[in-house]
Amino acid sequence: HILDTIETKTGASSFYLLGIGISRSQFERQIKYLSKRYRIISLGEYIERKTNRQNLSNCAVITFDDGFKNSALELLRNRFIPYTIFIMGDVFKKFFWRHRLYLLLDYAEVKGFKLKLLLDKETLSSLENSVEKRKTISLILSNLRNLPLDKIESSLDELKEKLMIKKELRPEEIYINEEDIKQLLKEGVCFGAHSVTHSDLTTLDYKDVLEEIVDSQK
C-alpha cells in the first residue's frame, strides 16, 4: 500500500507499522533508484524471458498485492513503467479482515481499550503511540488469525464499538473498483489473481484451495 500520509489519529498507520505500506516519498525514492539501475520490464515479459531462458540480468519487475487504491501509481504512468496488480476476488464487496483491523485501529477515537482475548482473559490495550500500537496489533492478530472467519468478523464488530469509531469504513475507499480496473487496463497495466479471500492456502483442504484459485480468476 502506498500511503498519502503516514500519520493517523493513533500514531503511524498500521499498514506502515507492519511493513506493508510505505509513504509516497519513499515510493518515489525507490522508483528513482530502480529506474537508474535496472531495466524495469512487465511481468509478462519476465515470464516469457524466463521460459525461453533468456538473459534477465539488470531487469526488475514491479508488482502490487491486494489491489489497493494508490494515487502514487501515476508516478509509474508518467515514467511509462510497467507494473502488475494482484487483486483479491472479494475486494469489490468486503475487506480482507486484517485490512479492516488496521483501519479500525487507525480511525480509533480512544487511546486505550479492554480486549477479551483467548481463554476469556481481558487485557488493556493501548494506542498511545506507535510502539504501543504495534504491540496491540500483534496481540490482536495472534488471537484472531486461527479463528473461523465469522468469529473474526464478529470480534471486529465488537472492536469497532470499543474504539468508538464514527466513520463508516467502505472497501471502495481503499481498493480499486471495476471502473478503476477498466481504466488501468487501457493504460497497459496487467492484473493477476490473489485468491478470493486472502486465506492462507496451506491451511485449506483441496476443495477450498481450488475455489480460492479458480474463483479468484473468474
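So, here's what we can say about the structure. (Residues numbered from 1 in each chain as written. Predicted model: local features only at pLDDT ≥ 70, side-chain atom pairs only at ≥ 80, totals over all residues. Heavy atoms only, no water.)

Looking now at the pattern of salt bridges. Tallying each qualifying case throughout the model produces 16 salt bridges. Put simply, Asp 180 and Lys 69 hold a salt bridge, and the shortest N to O gap is 2.7 Å. Of this pair, Asp 180 sits in helix α8 (residues 178-186) while Lys 69 sits in the loop between β7 (63-66) and α4 (74-78), placing them 111 residues apart in sequence. On the accessibility criterion, Lys 69 (33% relative accessible area) is partly exposed. In this structure, Lys 167 and Glu 173 form a salt bridge, with 3.3 Å as the shortest nitrogen-oxygen distance. With relative accessibility at 31%, the residue Lys 167 sits in the partly exposed group. (Salt bridge = Lys/Arg side-chain N within 4 Å of Asp/Glu carboxyl O. Helix = DSSP H or I, 4+ residues; strand = E, 2+ residues; numbered from the N terminus. Buried < 20%, exposed > 50% of the residue type's maximum accessible area, 1.4 Å probe, protein only.)

Relative to the elements of secondary structure, Asp 150 occurs in helix α7 (residues 149-162). The exposed category is assigned to Asp 150, whose relative accessible area is 60%. Along the chain, Asp 150 and Lys 162 lie 12 residues apart, while their C-alpha atoms are 19 Å from each other.

Turning our eyes to something else, we now look at the sheet that holds β7. One open sheet holds the three strands; their spatial order is β7-β8-β11, and the pairing between them is parallel. The sheet is open, and its two edges are formed by β7 and β11 (190-193), each paired on a single side. Going from strand to strand, the sheet's axes swing by 20 degrees on average, the running direction of each strand aside. Relative to β11, strand β8 (residues 84-87) runs parallel, the two being bridged by four bridges. Residue pairing in the sheet places Thr 84 in a bridge with Cys 190 of β11. (Pairing = 2+ DSSP bridges. Axes fitted to C-alpha atoms, helices over the stretch in contact; angles between N-to-C directions.)

Here we come to a positive patch on the surface. On the surface, a cluster of positive charge is contributed by Lys 32, Lys 36, Arg 37 and Arg 79. Looking at the secondary structure, you find Lys 32 in helix α2 (residues 24-37). Looking at Lys 32, the relative accessible area reads 42%, which means it is partly exposed. (Patch = residues over 30% accessible without salt bridge, like charges linked within 9 Å, V, L, I, M, F, W, Y side chains within 5 Å. Areas by Shrake-Rupley, 256 points an atom, 1.4 Å probe, with all protein chains shown as cover. Lys, Arg positive; Asp, Glu negative; His and termini not counted. Charge placed at Lys NZ, Arg CZ, Asp CG, Glu CD.)

On the surface, a nonpolar cluster with roughly 460 Å² of combined accessible area is contributed by Leu 201, Tyr 206, Leu 210, Ile 213 and Val 214. Relative to the elements of secondary structure, Ile 213 occurs in helix α9 (residues 206-217). Residue classification places Ile 213 among the partly exposed residues on the basis of a relative accessible area of 40%.

Estimates place the volume of the largest pocket at around 1,000 Å³. Residue lining of the largest pocket: 46 residues in total, with Phe 96, Arg 98, Thr 197, His 198 and Ser 199 positioned closest to the centre. Every element with two or more residues in the lining of the largest pocket is listed here: α2, β7, α5 (97-106), α7 and α9. A volume near 450 Å³ is recorded for the second largest pocket. Considering the residues around the second largest pocket, the lining is formed by 22 residues, among which His 1, Leu 3, Leu 103, Tyr 107 and Ile 174 are closest to the centre. (1 Å grid on protein atoms, 1.4 Å probe; cavity = no way out; pocket = protein on both sides within 12 Å on 5 of 7 lines; lining within 4 Å. Points joined across faces, edges and corners; volume = space filled by probe spheres on them.)

Note that all results are geometric; they support no functional claim without further evidence.
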